[in-house]
Amino acid sequence: MFTFAQFSDIHLGQDRGDGGARARERTERVLACLSEALDGLDAVLLTGDIADHGREDEYTLAAKLFADHGVQPLICPGNHDARAAYRTVLLHGDAADPSPVNEVHRLPGATFLMCDSSVPGKGHGRLDDATLGWLDRELAGTPDDAPAFVCFHHPPVPLYGQYVDPIRQFGEERLAEVVGRHGTVAGLLCGHSHTPAVTTFAGVPLVAAPGVVSTLKMPWEGEEGGPIDYTLPPMIAFHVLDGEGRLTTHFRVVP
């Protein structure tokens, strides 16, 4: 088995009248929980919106919290992230490089393709042609004994939430063509929805991780207090890929 965790949308720097203390505290709770589980995990993912404003100080804080808790997640950017600061602080890369931040991690037993679905200055997502070409090539080079997970921030299908669906990932038919060409894809993993959700895309599982900083209420849950709930606790997704290629996901509340 290959076992890994996923968390998303920590939004460090989000200030709800507390100078960002709330987002930091919730992130630290999640990292503490993950730290306790590390011996049983093969990887940890963070699928975007690491910063709330895309500032260097927010990424510096993220790097500090990861180091303090001994958790070094595989990451991809979200719509609140800014490529220059993200690249400089978290990847020690070139801030002048405006291209999408795409990374491949080939671990024993699984491959993770961390794709940049952000569109600079916009809330919605899209995988550009360069990213899709990169993804196609990397999947073609993925051996059968290292099943691949395609990861990005924006879900490529509606999740039926009134707040996120208008800013989901568009142009998804292009992604479906790439995924459909490669039988090594075991699943697609995303964030952005601020609610745990499981569906399918291009014939494989698609799992949206819950948001750490807040939870999005669905239309049938009522409108009282607005669509975003800041009172519910953060959550983590734990994924298990078994020897038959079946992906099983457990969602866990972090008290």
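Residues numbered from 1 in each chain as written. Predicted model: local features only at pLDDT ≥ 70, side-chain atom pairs only at ≥ 80, totals over all residues. Heavy atoms only, no water.

**Q** Please provide a residue-by-residue account of the nonpolar core, values included.
**A** Ranked by size, the top nonpolar core spans 27 residues in total, and within it Phe7, Leu34, Ile50 and Tyr59 carry the most contacts. Counting only elements with at least two residues in this core, the list comes to β1 (2-7), α1 (21-37), β2 (43-47), α2 (56-69), α3 (83-90) and β12 (235-241). Residue contacts for tyrosine 59: discarding those within four places in its chain leaves Ile50, Ala51, Gly54, Asp81, Ala82, Ala85, Tyr86, Val89 and Leu90. Judged by nonpolar contacts, the second largest core, of 23 residues, contains Leu113, Cys115, Leu188 and Cys190. (Core = buried A, V, L, I, M, F, W, Y, C linked by side-chain atoms within 4.5 Å. Buried < 20%, exposed > 50% of the residue type's maximum accessible area, 1.4 Å probe, protein only. Helix = DSSP H or I, 4+ residues; strand = E, 2+ residues; numbered from the N terminus. Contact = heavy atoms within 4.5 Å.)

**Q** I'd like a description of unusual backbone geometry, backed by residues and values.
**A** Residues other than glycine seldom take positive phi values, yet tyrosine 160 does so here, at roughly 70°. Among the secondary structure elements, tyrosine 160 is positioned in the loop between β6 (148-151) and α5 (172-180). Classification of tyrosine 160 by relative accessible area gives exposed; the value is 59%. Of note, histidine 194 is a non-glycine position whose phi angle comes to about 55°, a positive value.

**Q** Give me the lowdown on the pairing of strand β13 (residues 247-253), citing residues and values where you can.
**A** By the bridge criterion, seven bridges tie β12 to β13 in an arrangement that is antiparallel. Pairing of leucine 241 across the sheet is with leucine 247, part of β13. Between β12 and β13, which pair antiparallel and follow one another directly, the connecting turn spans five residues, one of which, glycine 245, has a positive phi of 85°. (Pairing = 2+ DSSP bridges.)

**Q** Summarise the packing of α2 against α3; cite the residues concerned and give the values.
**A** α3 packs onto α2 with a crossing angle of 35° between their chain directions and a minimal axis gap of 9 Å. Note that α2 runs across α3; the crossing there is right-handed. On α3, the residues that touch Glu56, Tyr59, Thr60 and Ala63 of α2 are Ala85, Tyr86, Thr88, Val89 and Leu90. A breakdown of the residues in the contact of α2 with α3 according to their chemical character gives six nonpolar, two polar and one charged. (Axes fitted to C-alpha atoms, helices over the stretch in contact; angles between N-to-C directions. Left-handed = near helix turned anticlockwise from the far one by under 90°. Nonpolar A, V, L, I, M, F, W, Y, C, P; charged D, E, K, R; others polar.)

**Q** Can you break down the packing of aromatic side chains residue by residue, with the values?
**A** How two aromatic rings sit relative to each other is given by the distance of their centres and the angle of their planes. Following the criterion strictly, the structure yields six aromatic pairs and no others. The interplanar angle of 80° and the centroid separation of 5.9 Å between the aromatic rings of tyrosine 59 and tyrosine 86 together place this pair among those described as edge-to-face. Taken together, the residues span a long stretch of sequence, with tyrosine 59 in helix α2 and tyrosine 86 in helix α3 at a distance of 27 residues. Looking at tyrosine 59, the relative accessible area reads 0%, which means it is buried. The class of tyrosine 86 is buried, set by a relative accessible area of 1%. Judged by centre distance (5.4 Å) and plane angle (15°), the ring pair of phenylalanine 112 and phenylalanine 149 falls under stacked. Placement of the pair is phenylalanine 112 in strand β5 (residues 110-114) and phenylalanine 149 in strand β6, with a sequence separation of 37 residues. Its relative accessible area of 0% is what places phenylalanine 149 among the buried residues. (Phe/Tyr/Trp six-rings, centres within 6.5 Å; stacked < 30°, edge-to-face > 60°.)

**Q** Could you give me a rundown of the packing of helix α4 (residues 129-140) against α5, with the residues and numbers involved?
**A** At a minimum axis separation of 10 Å, α4 and α5 run at an interaxial angle of 15°. Between α4 and α5, the angle is such that the two are roughly parallel. Considering the relative orientation of α4 and α5, their crossing is right-handed. Seen from α4, the contacting residues are Asp129, Leu132, Leu135, Asp136 and Leu139; seen from α5, they are Arg174, Leu175 and Val178. When its residues are assigned to classes, the contact of α4 with α5 shows five nonpolar, no polar and three charged. (Parallel < 35°, antiparallel > 145°, perpendicular 65-115°, else oblique.)

**Q** I'd like to hear about the sheet that holds β6, residue by residue, with values.
**A** Strand order in the open sheet made by the six strands is β4-β5-β6-β7-β9-β8, with mixed pairing throughout. The outermost strands of the open sheet, each flanked by one partner alone, are β4 (103-107) and β8 (197-201). Along the sheet, successive strands turn relative to each other by an average axial angle of 20°, direction set aside. Bridge count between β8 and strand β9 (residues 204-208): five bridges; the pairing is antiparallel. Opposite phenylalanine 201, over in β9, you have valine 204 as the bridge partner. Its contacts with the sheet put α4 on β4, β5, β6 and β7 (185-190), and the angle it makes with β5 is roughly 175°.

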